[in-house]
Amino acid sequence: MNILIVGAGLTGSTIARELAEEGHKITIIEKRDHVAGNAYDYMDETGIRVHKYGPHLFHTNNKRVWEYLSQFTNFIYYRHKAKAQLKDGNYVPFPVNAETIEKVGRDNVLDIFFRPYTKKMWGKELEELDPNIIKRVPVKDNRDESYFPNDTYQGIPDEGYTVMVEKMLDHPNIEVRLNTEFDMVWMNYNDYCFNSMPIDEYHGFVHGELPYRSLKFHKKVIPMNKVLPSTTVNFTHDGPYTRVTEWKNMPAHGNNPHASVLTFEEPCDYRDNDMERYYPVKDVDGENRKTYEKYREMTSPKMQFIGRCGQYVYIDMHQAVNSALQIADKFKKEYEV
């Protein structure tokens, strides 16, 4: 079959590789000028690797996903740790652990670490959001500082995520076209489409716009060897930024002794950031999900929406790859070559 995939992120690239191996002819169109989606990284002018769309840290308990991606990269062992900076300038472990609780008091945890972050990140009060969003950041009663303490497989691709995805797409049955947006004319030349574009945009917003939060990234080069006590530092103040990342604190990210590169993250509505959609808004009443379902029911049987914007879900990298493998498995069974 001739298959069109809209978007060269992890989900689309995984489906592309899996179905190309089965003999299908794959065309990937990507509106950006690069592959790897939001996991895209590059070496900047200082010789330091930067993740353009914020830090991407691979972690999973899914052996199949780990072994699948290991075909295209060598993972360097890395267990992520982070800090939070209090209003007085001192640092404490984050996510919150026993040491953090000792320093700020258990009764203050919600108001210091979660309430101001929620207001900045989501533009809503804590009580207006689905509680599962907050549960993504645990509070630990031990002194473990690991960000993902329960995940067996953790690492950073030795040549970066972009190279990893480029290797996934290096197949004779895959053609990639960058700087190319979706148009219905593509459906005249393909038998099926996996589409990662925003589902509400595809359907012309007939049921209204689905809300998203976005991030503005502010990259700074500092003439110092090292600045932060950890790779990422979360802010607890009421200023515009939620966190900062110092890239050279991750392995295989460069070692310039005269400079360090930091990226500050500023949350905003996606309409205030060139329509860059990063985080679907899971409202406590679930109204946004109901709107999404209306769009999904309108979709042609020859098209399947995938990824964060296509499925209106917040998923990590390992979940994106796992979802893609399952989608490809199902497709193989339904359309055996």
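Model, not experiment: these values are computed from the prediction.

**Student:** Break down the pairing of strand E1 (residues 2–6) for me, citing the residues and quoting the values.
**Tutor:** Among the five residues in E1, four count as buried, and that is most of the element. When E1 meets strand E2 (residues 25–29), the two strands line up parallel, connected through five bridges. Residue pairing across strands places Ile5 opposite Ile28, the latter belonging to E2. Since E1 and E2 lie parallel, the crossover through helix H1 (residues 10–21) that links them has a hand, and here it is right-handed.

**Student:** Before we move on, can you summarise the sheet that holds strand E17 (residues 303–305) with the specific residues and values?
**Tutor:** Across a sheet, strands are paired by hydrogen bonds formed along the backbone, either parallel or antiparallel in direction. Taken together, five strands build an open sheet; the order of strands is E10-E2-E1-E11-E17 and the sheet is parallel. The open sheet is flanked by strand E10 (174–177) and E17, the only strands paired with a single partner. Going from strand to strand, the sheet's axes swing by 15° on average, the running direction of each strand aside. Examined bridge by bridge, E2 and E10 share four bridges and lie parallel to one another. When the sheet's bridge partners are listed, Ile26 is paired in E10 with Ile174.

**Student:** Tell me about unusual backbone geometry, residues and numbers included.
**Tutor:** Backbone torsion omega between Phe94 and Pro95 reads 5°, so that peptide bond is classified as cis. Along the chain, the position of Pro95 falls in the loop between strand E8 (91–94) and helix H3 (98–104). The phi torsion at Asn179 lies on the positive side, around 55°, for a residue other than glycine. Looking at the element boundaries, Asn179 is found in the loop between E10 and strand E11 (192–195). Even without a glycine there, the phi angle at Met275 is positive, about 60°. Taking the relative accessible area as the measure of exposure, Met275 reaches 36% and is therefore partly exposed.

**Student:** Tell me about the packing of H1 against helix H10 (residues 317–334), residues and numbers included.
**Tutor:** Between two packed helices, the angle of one axis relative to the other and the distance separating the axes together describe the packing. It is at 8 Å that the axes of H1 and H10 come closest, and there the two elements cross at 35°. Along this stretch, H1 crosses H10, giving a crossing that reads as right-handed. Here Leu10, Thr11, Thr14, Ile15, Glu18 and Leu19 of H1 come into contact with H10, specifically with Met317, Ala320, Val321, Ala324, Leu325, Ile327, Ala328, Phe331 and Lys332. When its residues are assigned to classes, the contact of H1 with H10 shows eleven nonpolar, two polar and two charged.

**Student:** I'd love a proper account of the pattern of salt bridges, names of residues and values included.
**Tutor:** It is possible for side chains of opposite charge to pair when their charged atoms get near one another. All told, the structure shown has 21 salt bridges when counted by the stated rule. Note that Arg64 and Asp329 form a salt bridge whose closest N and O atoms lie 3.0 Å from each other. Pair noted here: Arg64 is in helix H2 (residues 63–69) and Asp329 is in helix H10, with a separation of 265 residues, a long-range link. Exposure remark for Asp329: the relative accessible area of 23% places this residue in the partly exposed category. Ionic pairing is found between Lys119 and Glu125, a salt bridge with its closest N-O pair at 3.2 Å. The class for Glu125 is partly exposed, based on a relative accessible area of 32%.

Calculation rules
Residues numbered from 1 in each chain as written. Predicted model: local features only at pLDDT ≥ 70, side-chain atom pairs only at ≥ 80, totals over all residues. Heavy atoms only, no water. Buried < 20%, exposed > 50% of the residue type's maximum accessible area, 1.4 Å probe, protein only. Helix = DSSP H or I, 4+ residues; strand = E, 2+ residues; numbered from the N terminus. Pairing = 2+ DSSP bridges. Right-handed = clockwise from strand over helix to strand, strands pointing away. Axes fitted to C-alpha atoms, helices over the stretch in contact; angles between N-to-C directions. Left-handed = near helix turned anticlockwise from the far one by under 90°. Contact = heavy atoms within 4.5 Å. Nonpolar A, V, L, I, M, F, W, Y, C, P; charged D, E, K, R; others polar. Salt bridge = Lys/Arg side-chain N within 4 Å of Asp/Glu carboxyl O.

All quantities given are derived from atomic positions and should not be read as evidence of function.
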